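# Descriptive analysis of the structure
Listed below, chain by chain, are the residues.
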Amino acid sequence: MKEFKFTIDGKQYNAAVNELEDNFAEVTLNGKTYKVELEKEEAPAAAAVRRPAAAAAPAAAAPAGLMTVKSPLPGSIVKVLVKAGQAVKKGDVLLTMESMKMENNVAAEADGIVKAIYVEPGKNVMQDDKLLDLETVATAAAPAPAPKAAPAPKAEAPKPAAPKAADVPAGGYKVTSPLPGSIIKVLVTEGQDVKKGDTLLTLESMKMENAVMADRDGKVTKIAVTAGQNVMQEDLLIVLD
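The structure contained in this document is the topic of the report that follows.

Definitions and limits used
Here the residue numbers are simple positions, counted from 1 along each chain's written sequence. Reporting in this predicted model follows two pLDDT cut-offs: at least 70 for local features of residues, and 80 or more for side-chain atom pairs to be given and counted; totals over whole chains, interfaces and linings ignore these cut-offs and use all residues. Derived side-chain values reflect all non-hydrogen atoms in the structure, with water molecules and hydrogen atoms excluded from consideration. At least two DSSP bridges between two strands are needed for those strands to be called paired. Note on conventions: DSSP H or I runs of at least 4 residues are helices, E runs of at least 2 residues are strands, and numbering of each starts at the N terminus. What counts as a salt bridge is simple: a side-chain nitrogen of Lys or Arg found within 4 Å of a carboxyl oxygen of Asp or Glu. The rule is simple: take the accessible area with a 1.4 Å probe, protein chains only, and divide by the maximum for that residue type; under 20% is buried, over 50% is exposed, in between is partly exposed. Cavities and pockets were defined on a 1 Å grid built over protein atoms only: a cavity is a set of grid points that admits a 1.4 Å probe from which the probe cannot escape, a pocket is an open set flanked by protein on both sides within 12 Å along at least five of seven lines, and lining residues are those with an atom within 4 Å of any such point. Grid points are joined across faces, edges and corners, and a volume is the space filled by probe spheres set on the points. Think of it as three bins: nonpolar holds Ala, Val, Leu, Ile, Met, Phe, Trp, Tyr, Cys and Pro, charged holds Asp, Glu, Lys and Arg, and polar takes everything else, Gly as well.

### A short note on the pairing of strand β10 (residues 112-117)
In this structure, strand β7 (residues 87-88) lies alongside β10, joined through two bridges in antiparallel fashion. Across the sheet, residue Val88 finds its bridge partner in β10, namely Gly112. With five bridges joining them, β10 and strand β12 (residues 130-136) adopt antiparallel strand pairing. By the bridge assignment for β12, Gly112 is matched with Thr136.

As structure tokens, this is what we get:
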């Protein structure tokens, strides 16, 4: 039995509730007993809990910071193409330098602002010498794309290896690759006359675009490579007559 005391409009009441079976109960109020029927509340059906699908983690924002651009090779500065305070984009050419008889473009690896320049045209640098400081710009985090099933790889015909200089008959001046890399563009054709210093082709090596130039006047008698082809150091590129 449960007993209660309460006051309504200044009048005190004593109540006792004796629960019976089902939905009936005895209620005694100030000494008088009543048998009452209680209304049962139907419990609402439990709502299905729907959990949100896990969201893909957003890509981390690229923090701002100071990036020092260093010389990838020993060589000589040919031209500085930017100035302090200039905003640059990733891939913009910052300066050109000559190394191993090639003109190399040193490009920005991130968006940013040029803070300091340590070299000028004609200055000789060693590998890892400081060229300039770049204050990188923080980029907003982008949501990661939903993962997609990777397509089945297509079989590709192997790229032909560049012939070695020894594979070419004697005669003519052989232009070979000074570094391992990939041919970007061939700028001459067979039978074309070239002058000393003319660019014959460009190749990408160590994240730099390198111009391979003619060491002498002559005529192109053979082109041994094509755009997109990978080459090793000393692989034959072009033969000049």
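From this point, the narrative continues.
### With respect to the pattern of salt bridges
It is possible for side chains of opposite charge to pair when their charged atoms get near one another. Taken as a whole and judged by the stated rule, the model has one salt bridge. As a salt-bridge pair, Glu135 and Lys115 come within 3.5 Å of each other at their nearest N and O atoms. One end of the pair, Glu135, is in strand β12; the other, Lys115, is in strand β10, with 20 residues separating them in the sequence. The exposure class of Glu135 is partly exposed, given its relative accessible area of 35%. Under the relative-accessibility criterion, Lys115 is labelled partly exposed at 47%.

### A closer look at the sheet that holds strand β19 (residues 230-231)
Sheet architecture is open: eight strands sit in the order β11-β6-β8-β9-β17-β16-β14-β19, paired in antiparallel fashion. Whereas interior strands pair on both sides, the edge strands pair on one side only; in this sheet they are β11 (124-125) and β19. Of the strand pairs in this sheet, strand β14 (residues 181-186) and strand β16 (residues 199-205) are connected by four bridges, and their pairing is antiparallel. Each residue of the ladder has a partner; that of Lys185, found in β16, is Thr202.

### Looking at the layout of surface pockets
The volume enclosed by the largest pocket comes to roughly 260 Å³. Lining the largest pocket are 13 residues, and of these Val106, Ala107, Glu109, Met206 and Lys207 sit closest to its centre. Of all elements in the fold, only β5 (65-70) and β9 (102-107) reach the threshold of two or more residues within the lining of the largest pocket. Broken down by element, the residue count for the lining of the largest pocket peaks at four residues, all from β5. A breakdown of the residues in the lining of the largest pocket according to their chemical character gives eight nonpolar, one polar and four charged. One number sums up the size of the second largest pocket: a volume of about 220 Å³.

These figures capture arrangement, not role.
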